[in-house]
Amino acid sequence: MRKLLFLLPFLFCITVVAQVVTVVDSETNEPLVNVAVYNKSKSKSAITDLEGQVDIEKFDNQEVIYFQSISYATYKIEKSKISRDKFIRLIQQSNYFNPIILSASKFEQRAHDIPQKIFAVDKEQIAFNNPQTSADLLQQSGQVFVQKSQQGGGSPIIRGFSTNRLLLTVDGVRMNTAIFRSGNLQNVISIDPLSVERSEVILGPGSVVYGSDAIGGVMNFFTLKPQFHQDSVQITGNGLLRYASANNENTGHLDFNIGGKNWASATSISINFFNDLRMGSHGPDDYLRESYVIRRDGQDVLVDNDNPLIQRPTGYDQLNLLQKFRYKPTQDFEFGLGLIYSGTSDFSRYDALDRFRESGEPTNAEWFYGPQTWLMTNFNITHRGNGKWYDKAVLTTAYQRFEESRVTRDFQDPERFEHIDQVDAISTSLDFERRDRESNALFYGGEFIHNRVNSAGSVQDIDTNTFTATATRYPDGSSWRSLAAYANYQWKVSSQMVVNSGLRYNHIWIDADFGPNNTFFNFPFEEATVNTGALTGGIGATYVTENKWELRSNFSTAFRAPNIDDLGKIFDPSPGTVIVPNPDLEAEYSYNAELGFKKTFHEKFTIDAAVYYTYLKDALVAQDYELNGQEFIDYQGEQSRVQAIQNGEKANVYGLELALNYRINDEFTLKGHYNITKGEQTEIDGNKIPVRHVAPAFGDIHLNYDKKDLKLGLFAQFNGQLDYNDLNPTQQTRPYLYALDSNGNPYSPSWYTLNLRSRFNFNEVFSLNVTLENMTDQRYRTYSSGVSAAGRNLIVGARYQF
């Protein structure tokens, strides 16, 4: 009896130990962290730890236990039937043919469960492509068109929409502000491509999850995430030195990660120096830079360019900094803190400096953007729930500070106009995910955003160095606020069919005071307020046939609420035209349909295609306007036609997207993209014109070789032509952007480039990237761009990992 009593504690320990199971990958036997473990009703739940272990004592012997992770097939088993070795082996789902996507719902989903077309670019691909800016990162995908007014720029175009009809987010935080304009935007260059871990782009509307502006698409950038290390504190990182011949680029980059068991830090520093950009030698002479303005002995002088292929002035410098912290005190809670800073030097608006009057004199002696700076701090908390109300909740709060300025001076004019604009943006979002045992999922949440705009204007007489006040670009002290709630439901109808549906309500408030600017313009109003709401929704489905055809359809609405730029801007988009405020604006809406399919044959050849249609109603566009009964007013010393942003136009945009991928063998892959978009805009008077941001047909084709330490990529990029009659009237009046046809009218010629990329790994720590772009030295411009693309360009990058 005493011996039995002596053994009881050991028997108890054995019983307790027997309740702990280890969840591992079925192929690698690596332990899996954060696997959700629960019963059928979700009344009992647990999660695996860093060793993949979880205590299942709370579950009854006859109870069915579910093991669920987004990267693996859900596994269920009766507790009493768990094998004696206490290992649960999960089978990984294919990431190649069915990758994980974060952008559709802000939470992890499998691509074949999403009815929209979304593509991703991972860190490995970014490193191989070696883009100079994030605008180049998007353009290299072959699925996003990018316009450039100067080298320090890049304005994406997706499915015929651009600028403030596209949404830009960084680490889940909205980057669009109240002064995002309908003209070309340069904000994407503030995102350092060398600190981007992954980029995902939604092709098409995303207003249900993301709110205003997400009409044409959503571009999500996820920056470096601090990584934990289980055994001891570990420091890892990499450095990069890069040179490019077309603009004498010199770039230095360093990032490093310090990781402990439950805390980690990530740091990134990038410095870029870009000189004037050289264009190609074979192409339209209209693009040549024959002359440029310098200041000599107190006078503006037009001098000959000793090399017309060099676009002077286009050079600029940039600094990017990132610091992030991550702390996980328990399996249920995780905290994150991030700081991102980006700042440029002055950079010239090259297209504006290439405009000439009928007399032959240049229009401007100076036109440049002052330093474009962006500061973002964000704090997030992630909590794993018990499944009653949510399985996962993420609270994200952020503060952003944007500053941009414009400096202009006419040729032989001593008056230099400077406008400085700042936006302080505060945002808070709370997002939830709840999944049930059948893999149905509910995503819901809310968001609040507040933007405050500060704007200043001054005129400097450069001869006397005296300053006077002038009208500000935006009403100083104006505010833009948004409050929203949304819900998305993913219903797994069967093993072959998934239906997604969602609703969002957004309310917008705008307050603007025009009193100070009435000193310079006699506006018939002192202030403007907007108090409006928007309800958007969508429904879509994916269906996988017996022979593995993936079919998808999606129907949705999207909206863009007017912002401070629409309602209150004073600006001259081109010589002889001035945009003035209009307080009577409402939201514009789009109605969208998309059908697509994807099919992989013999796990080698994949075709992915989509057709789409968008109807845009009450579009916010610049139209002729009268100010106090006057069609023309004096603006910065020039008689200018008055225009204002107005509702009323409508547009139809439709197109086709095609992607092909053929795995020839283990070393060779052939892939390509082709995109064609068409559109027609109906003006207030009923006149039909081409849509402004519908790009020509474009695409690419790549032949890649990847074996051991060597990776090669031979590829071509191509772009169709837009004739004069295909151009929007606003483009027909800007011949300085385009080549001229035989009738002397502007048009956008077709073009192509041949390119070669390579990467060689000398060992585990040192690698070399060598790229030769535009091998045939073509001279070309992407549609609507004011600066020509790089000519033949040798890029060499040396990377060291530690």
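Residues numbered from 1 in each chain as written. Predicted model: local features only at pLDDT ≥ 70, side-chain atom pairs only at ≥ 80, totals over all residues. Heavy atoms only, no water.

A. The arrangement of the overall build of the protein in detail. The secondary structure content of the protein amounts to 6 helices and 51 strands. The C-alpha radius of gyration of the protein comes to 28 Å, within 12% of the 28 Å expected for a compact globule of 802 residues. In terms of overall dimensions, the protein has a C-alpha envelope of 115 × 60 × 50 Å along the principal axes. Counting over 802 residues, the protein shows a buried share of 54%. Within the protein, residue pairs in contact and separated by at least 24 positions form 66% of the contacts whose partners lie at least 6 positions apart. With an accessible surface of roughly 34000 Å², the protein has 55% of that area assigned to carbon and sulfur atoms. If the 76 positive side-chain charges of the protein are averaged to one point and the 95 negative ones to another, these points end up 10 Å apart. (Helix = DSSP H or I, 4+ residues; strand = E, 2+ residues; numbered from the N terminus. Rg over C-alpha atoms; globule rule 2.2 N^0.38 Å. Buried < 20%, exposed > 50% of the residue type's maximum accessible area, 1.4 Å probe, protein only. Contact = heavy atoms within 4.5 Å. Areas by Shrake-Rupley, 256 points an atom, 1.4 Å probe, with all protein chains shown as cover. Lys, Arg positive; Asp, Glu negative; His and termini not counted. Charge placed at Lys NZ, Arg CZ, Asp CG, Glu CD.)

B. Spotlight on the pattern of salt bridges. With the rule as written, the count across this model stands at 37 salt bridges. Salt-bridge contacts for Arg416 lead to Glu366; the nearest nitrogen and oxygen are separated by 3.1 Å. With a gap of 50 residues between them, Arg416 in strand β31 (residues 415-435) and Glu366 in strand β28 (residues 364-369) connect regions that are remote in the sequence. We classify Arg416 as partly exposed; its relative accessible area is 23%. Owing to a relative accessible area of 15%, Glu366 belongs among the buried residues under this scheme. Here Asp565 and Lys569 are joined by a salt bridge, their closest N and O atoms 3.2 Å apart. (Salt bridge = Lys/Arg side-chain N within 4 Å of Asp/Glu carboxyl O.)

C. Structural view of the nonpolar core. By size, the foremost hydrophobic cluster in this structure holds 80 residues, and its most contacted members are Ile191 and Phe221. If near-sequence neighbours (up to four positions away) are discounted, Ile191 is found in contact with Ser134, Leu168, Val170, Met175, Val196, Phe221 and Trp374. (Core = buried A, V, L, I, M, F, W, Y, C linked by side-chain atoms within 4.5 Å.)

D. Region of interest: the packing of aromatic side chains. For the structure on display, the rule yields 29 aromatic pairs. Each ring, one from Phe523 and one from Phe525, has its centre 5.5 Å from the other, and the planes form 5°; the classification is stacked. Across the pair, Phe525 and Phe523 agree in class, each one buried. An angle of 40° between the planes, with centres 6.3 Å apart, marks the rings of Tyr738 and Tyr783 as tilted. Residue Tyr738 is found in the loop between α6 (729-732) and β47 (739-740), and its partner Tyr783 is found in the loop between β50 (766-773) and β51 (793-801); the two are separated by 45 residues along the sequence. (Phe/Tyr/Trp six-rings, centres within 6.5 Å; stacked < 30°, edge-to-face > 60°.)

E. Up close: the pairing of strand β16 (residues 196-203). Of all 8 residues that make up β16, 6 are buried, and the element is covered over most of its length. Two elements, strand β10 (residues 117-122) and β16, share 6 bridges in a ladder whose sense is antiparallel. Paired with Val121 across the two strands is Ser199, which belongs to β16. Pairing of β16 with strand β17 (residues 217-223), which is carried by 7 bridges, proceeds in the antiparallel orientation. Each residue of the ladder has a partner; that of Ser199, found in β17, is Phe221. (Pairing = 2+ DSSP bridges.)

F. Representation of the sheet that holds strand β14 (residues 166-170) in the model. If you walk across this open sheet you meet the 5 strands as β10-β16-β17-β14-β15, and the pairing is mixed. Across the chains shown, the open sheet's two edge strands, defined by having one partner strand only, are β10 and β15 (173-174). Here β14 pairs with β17 via 5 bridges, running parallel. By the bridge assignment for β17, Leu167 is matched with Val218.

G. Focus on the pairing of strand β7 (residues 87-90). Side chains Ile88 and Leu90 project from β7 onto a buried face, and the interleaved Phe87 and Arg89 project onto a face without burial. Across 4 bridges, the pairing between strand β1 (residues 20-25) and β7 is parallel. Across the sheet, the residue bridging to Asp25 is Leu90, located in β7.

H. Local environment of the environment of Ala528. Within the secondary structure, Ala528 sits in strand β36 (residues 527-544). Here Ala528 falls in the buried class, since its relative accessible area comes to 3%. Along the backbone, Ala528 and Gln636 are 108 residues apart, and their C-alpha atoms lie at a distance of 24 Å. The residues touching Ala528, leaving out its near neighbours within four places in the chain, are Ile510, Asp511, Ala512, Phe514, Leu567 and Pro583.

I. Molecular detail of the sheet that holds strand β5 (residues 64-68). Taken together, the 4 strands give an open sheet; going across it, the order is β3-β2-β5-β6, and neighbouring strands pair in antiparallel fashion. The open sheet has two edge strands with one neighbour each: β3 (45-47) and β6 (75-78). On average, each strand axis in the sheet is tilted by 20° relative to the strand beside it, whichever way the strands run. In the sheet, β5 pairs with β6 via 4 bridges, with the strands oriented antiparallel. Along β6, the bridge assignment pairs Ile65 with Ile77. (Axes fitted to C-alpha atoms, helices over the stretch in contact; angles between N-to-C directions.)

J. How the structure looks around a nonpolar patch on the surface. A contiguous nonpolar patch, built from Tyr662, Ile664, Phe668, Leu670, Tyr674, Ile701, Leu703, Leu714, Phe718, Tyr752, Leu754 and Leu756 and spanning about 930 Å² of accessible area, is present on the exposed surface. At the level of secondary structure, the elements contributing two or more residues to the nonpolar patch comprise β43 (668-682), β45 (698-707), β46 (710-719) and β49 (751-761). The class for Tyr662 is partly exposed, based on a relative accessible area of 32%. (Patch = residues over 30% accessible without salt bridge, like charges linked within 9 Å, V, L, I, M, F, W, Y side chains within 5 Å.)

K. Seen up close, the environment of Asn488. Relative to the elements of secondary structure, Asn488 occurs in strand β34 (residues 478-492). With a relative accessible area of 15%, Asn488 lands in the buried category. Excluding its chain neighbours within four sequence positions, the residues that come into contact with Asn488 are Ala104, Val208, Val209, Ala441, Leu442, Phe443, Ser501 and Gly502.

L. Quick peek at a negative patch on the surface. Together, Asp476, Asp513, Glu526 and Glu527 make up a region of like negative charge exposed at the surface. Checked against the element boundaries, Glu526 lands in the loop between β35 (497-513) and β36.

M. Structural view of the confidence of the model for the protein. Within the protein, residue pLDDT values average 92, and 97% of them lie at 70 or more. Within the model, pLDDT remains below 50 along residues 1-18, and this stretch shows 1 contact once partners closer than five positions in the same chain are excluded. (pLDDT = per-residue confidence, 0-100.)

N. View of unusual backbone geometry. Arg312 connects to Pro313 through a cis peptide bond whose omega is -10°. Here Pro313 shows up in the loop between β24 (310-311) and β25 (316-327). One non-glycine residue, Lys42, lies in positive phi territory at about 65°. For Lys42, the position within the fold is in the loop between β2 (36-38) and β3. Although it is not a glycine, Glu603 adopts a positive phi angle of roughly 55°. Relative to the helices and strands, Glu603 is located in the loop between β39 (588-601) and β40 (605-624).

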